[in-house]
Amino acid sequence: IILMLTLQTVAQSVGGIDIDRIKRATVFIYQARNVDNNLIVTCVTTGTIVSFDGLILTNAHSTVMGSTCNGNILIVALNVDLDEPPIPKYRADIAQVDEGLDIALLRISRELDGRLIGDGTLPSLPFVEIGDSSEVVIDQNITVVGYGDINNQPVEVTRGTITAFITEPR
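Residues numbered from 1 in each chain as written. Predicted model: local features only at pLDDT ≥ 70, side-chain atom pairs only at ≥ 80, totals over all residues. Heavy atoms only, no water.

A. Molecular detail of the packing of aromatic side chains. On inspection of all chains with the given rule, the structure shows 2 aromatic pairs. Between Phe28 and Tyr30, the ring centres sit 4.8 Å apart and the planes meet at 80 degrees, which makes this aromatic pair edge-to-face. Each of the two residues, Phe28 as well as Tyr30, counts as buried. When the ring of Phe28 is compared with that of Tyr147, the centres are 5.1 Å apart and the planes differ by 75 degrees; the resulting orientation is edge-to-face. Note that Phe28 is positioned in strand 1 (residues 26-35) and Tyr147 in the loop between strand 7 (141-146) and strand 8 (156-161), a separation of 119 residues in sequence. You can call Phe28 buried: its relative accessible area is 5%. Chaining the aromatic ring pairs together yields one cluster made of Phe28, Tyr30 and Tyr147. (Phe/Tyr/Trp six-rings, centres within 6.5 Å; stacked < 30°, edge-to-face > 60°. Buried < 20%, exposed > 50% of the residue type's maximum accessible area, 1.4 Å probe, protein only. Helix = DSSP H or I, 4+ residues; strand = E, 2+ residues; numbered from the N terminus.)

Rendered as structure tokens:
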């Protein structure tokens, strides 16, 4: 949620929110593993493309391999039609992670079938800029864009108000 808050702050600061742009930059991520030549989904999450060349900001707990999420393949599904569920298009690798902050930076690196994507050959992707989280304040109205359901649903938009901040030990 913090990711979406900072992204929304940027959109609001330029005079309005371009919801369609943010929806197009929102991706559905499947963590999976290969069992007898079948991909078994172990975890799912929402992410946001933050650069035209395929960097995705998301949470760590659903993308880093562990006891709960024991997959080693990350599949990225993109929004082709905003009224339809996302379509799996690419695979990604973890570029950086901070499990304490529960944040991961992924990089799209392969086609869905596993073929490597050469440098400069990934089509330009829709993205949103990362905002400054220090500008977010209590009682600020926000818009959160993501996938609230693991079923085959289109991206959702939810509006709310920031009511509190939680201090992390780090």
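Moving on, there is more to tell.
B. Quick peek at the sheet that holds strand 3 (residues 55-58). Taken in spatial order, the 6 strands of this closed barrel run 1-2-3-6-5-4, and their pairing is antiparallel. Strand after strand, the sheet turns through a mean of 45 degrees between neighbouring axes, direction not considered. (Pairing = 2+ DSSP bridges. Axes fitted to C-alpha atoms, helices over the stretch in contact; angles between N-to-C directions.)

C. Main features of the state of the cysteines. Taken as a whole and assessed by the stated rule, the structure comprises 1 disulfide. With its sulfur 1.7 Å from that of its partner, Cys43 forms a disulfide with Cys69. Here the S-S torsion is close to -80 degrees, and the disulfide linking Cys43 with Cys69 is therefore left-handed. In this pair, Cys43 sits in strand 2 (residues 38-49) while Cys69 sits in the loop between strand 3 and strand 4 (73-78), placing the two residues 26 residues apart along the sequence. By relative accessible area, Cys43 is classed as buried at 11%. (Disulfide = S-S within 2.5 Å.)

D. Region of the structure containing the environment of Gly146. Take Gly146: it is sitting in strand 7. In contact with Gly146, not counting residues within four places along its chain, are Thr26, Thr46, Val155 and Glu156. (Contact = heavy atoms within 4.5 Å.)

E. Seen up close, the pattern of salt bridges. Tallied over the entire structure, the rule returns 3 salt bridges. In this structure, Asp53 engages Arg107 in a salt bridge whose closest nitrogen and oxygen atoms are separated by 4.0 Å. With Asp53 in the loop between strand 2 and strand 3 and Arg107 in strand 6 (residues 103-111), this residue pair connects regions lying 54 residues apart in the sequence. For Arg107, a relative accessible area of 37% corresponds to the partly exposed category. (Salt bridge = Lys/Arg side-chain N within 4 Å of Asp/Glu carboxyl O.)

F. Highlighting the nonpolar core. Ranked by internal contacts, the top residues of the largest apolar core, which has 17 residues, are Ile56, Val76, Tyr90 and Ile108. Breaking this core down by element, the ones donating at least two residues are strand 1, strand 4, strand 5 (87-98) and strand 6. What Tyr90 contacts, discounting residues up to four positions off in sequence, is Leu74, Ile75, Val76, Leu78, Ile108, Arg110, Glu111, Leu112, Ile117, Leu122, Pro123 and Leu125. Within the second largest apolar cluster, 11 residues are counted, among which are Ile22, Ile73, Val128 and Val145. (Core = buried A, V, L, I, M, F, W, Y, C linked by side-chain atoms within 4.5 Å.)

G. Main features of the pairing of strand 5. In this structure, strand 4 lies alongside strand 5, joined through 5 bridges in antiparallel fashion. If you follow Val76 over to strand 5, its bridge partner there is Tyr90. In this sheet, strand 6 lies alongside strand 5 in antiparallel orientation, the contact comprising 8 bridges. Along strand 6, the bridge assignment pairs Tyr90 with Glu111. Two successive antiparallel strands, strand 5 and strand 6, enclose a turn made up of 4 residues, where Asp102 displays a positive phi of approximately 55 degrees.

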